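Residue-level structural notes
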Amino acid sequence: MLNVGLTGGIAAGKSAVARQLAELGAVLIDADAIARAVVEPGTPGLAAVVAAFGPGILTADGTLDRPALGALVFKDAAARERLNSIVHPLVRAEAARLREAAPADAVIVQDIPLLVETGQAKDFDVVLVVAAPLAERLHRMARDRGMAESDALARISAQATDAERAAVADVVIENSGTVEQLRDRVNEFWNSLRAESKHVR
């Protein structure tokens, strides 16, 4: 089993890389998807978030109001840390369960947006970082998410810097070109990974 930690700044293209690695045969564990699941209505996670932030972060039907919570935590480091202290242990526990359920010879790719910020780089055999220039990321966030530049910059500044991600990376995939160029780089990474996993066994 080979454990790969995949990360990258918002709008760098990490999700596209994750999808392609899954298509190529990786077992994908998506931290964002788990983070959504652990705060579904009726979960202990949602109850803990409401206890910490109040009922104002719920919609009328009792689900988590993500935009309201996001607006709160992305502008307040202490609030963000409080949220992370609730959600991250739940996400890690579920990721561990999924990892243990995977085949013994699997290449497991854990897609973790805050891998660097939460100090998890040491937990992986390989850390893969997807990177893109700031201007390109801002353009994508405006085009794909309808975000104002000030909001986009606030999201980016709440994450690790490119230099901090590069410092823990074993491999950096630059995503500043075409979709085809990105696919070629991911294929090249996958082929080297499969060769490494055979060597490990």
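Note that the coordinates shown come from a computational prediction; the quantities given were computed from them, not determined experimentally. (Residues numbered from 1 in each chain as written. Predicted model: local features only at pLDDT ≥ 70, side-chain atom pairs only at ≥ 80, totals over all residues. Heavy atoms only, no water.)

On to the confidence of the model for the protein, then. Across the protein, the average pLDDT comes to 93, with 98% of residues at or above 70. Of all secondary-structure elements in the protein, the lowest mean pLDDT belongs to helix α9 (residues 179-200), at 87, while strand β4 (residues 126-131) reaches the highest, 98. (pLDDT = per-residue confidence, 0-100. Helix = DSSP H or I, 4+ residues; strand = E, 2+ residues; numbered from the N terminus.)

This part covers the side chain of aspartate 111. Mapped onto the fold, aspartate 111 is located in strand β3 (residues 107-111). Accessibility expressed as a relative area gives 3% for aspartate 111, which makes it buried. Beyond its immediate chain neighbours, meaning those up to four positions away, aspartate 111 contacts Leu6, Lys14, Ala18, Leu28, Ile29, Asp30, Ala31 and Asp32. (Buried < 20%, exposed > 50% of the residue type's maximum accessible area, 1.4 Å probe, protein only. Contact = heavy atoms within 4.5 Å.)

Taken together, the 5 strands give an open sheet; going across it, the order is β2-β3-β1-β4-β5, and neighbouring strands pair in parallel fashion. In the strand order of this sheet, the two ends are held by β2 (27-30) and β5 (171-174), each with one partner. Direction aside, the axes of adjacent strands within the sheet are offset by 20 degrees on average. Two strands pair when backbone bridges link them, and strand β1 (residues 2-8) and β4 are joined in this way by 5 bridges, in the parallel orientation. By the bridge assignment for β4, threonine 7 is matched with valine 129. Contacts between helix α1 (residues 14-24) and the sheet are confined to β1, β2, β3 and β4, with β1 contributing the most and set at about 155 degrees to the helix. (Pairing = 2+ DSSP bridges. Axes fitted to C-alpha atoms, helices over the stretch in contact; angles between N-to-C directions.)

With that out of the way, let us pick up the pairing of β3. Extensive coverage of β3 is indicated by the burial of 5 of its 5 residues. A two-sided burial pattern is seen for β3, the buried positions comprising Val107, Val109 and Asp111 on one face and Ile108 and Gln110 on the other. Looking at chain direction, β1 and β3 are connected through 5 bridges and run parallel. Paired with glycine 5 across the two strands is glutamine 110, which belongs to β3.

Contact geometry for helix α4 (residues 66-73) and helix α5 (residues 77-101): axes closest at 7 Å, N-to-C directions at 125 degrees. Judged by the inter-axis angle, α4 sits oblique to α5. Facing Leu69, Leu72 and Val73 of α4, the residues of α5 in contact are Ala79, Arg80 and Leu83. Residue composition of the contact of α4 with α5, by class: 5 nonpolar, no polar and 1 charged. (Parallel < 35°, antiparallel > 145°, perpendicular 65-115°, else oblique. Nonpolar A, V, L, I, M, F, W, Y, C, P; charged D, E, K, R; others polar.)

Summed over the entire model, instances satisfying the criterion amount to 7 salt bridges. Across the salt bridge formed by arginine 97 and glutamate 94, the nearest N and O atoms sit 2.7 Å from each other. Of this pair, arginine 97 and glutamate 94 are both found in helix α5, 3 residues apart, which corresponds to roughly one turn of the helix. Two residues, aspartate 144 and arginine 143, come together in a salt bridge whose shortest N-O distance is 2.7 Å. With a relative accessible area of 51%, aspartate 144 lands in the exposed category. Here arginine 143 falls in the exposed class, since its relative accessible area comes to 52%. (Salt bridge = Lys/Arg side-chain N within 4 Å of Asp/Glu carboxyl O.)

It is worth spelling out α4 at this point. When we look at burial in α4, the residues that qualify are Leu69, Gly70 and Val73. Down the axis of α4, the smallest arc covering the buried residues is 100 degrees, so these residues share one side. Looking at the buried side of α4, the elements it contacts are α3 (44-53) and α5. (Arc of directions from axis to C-beta.)

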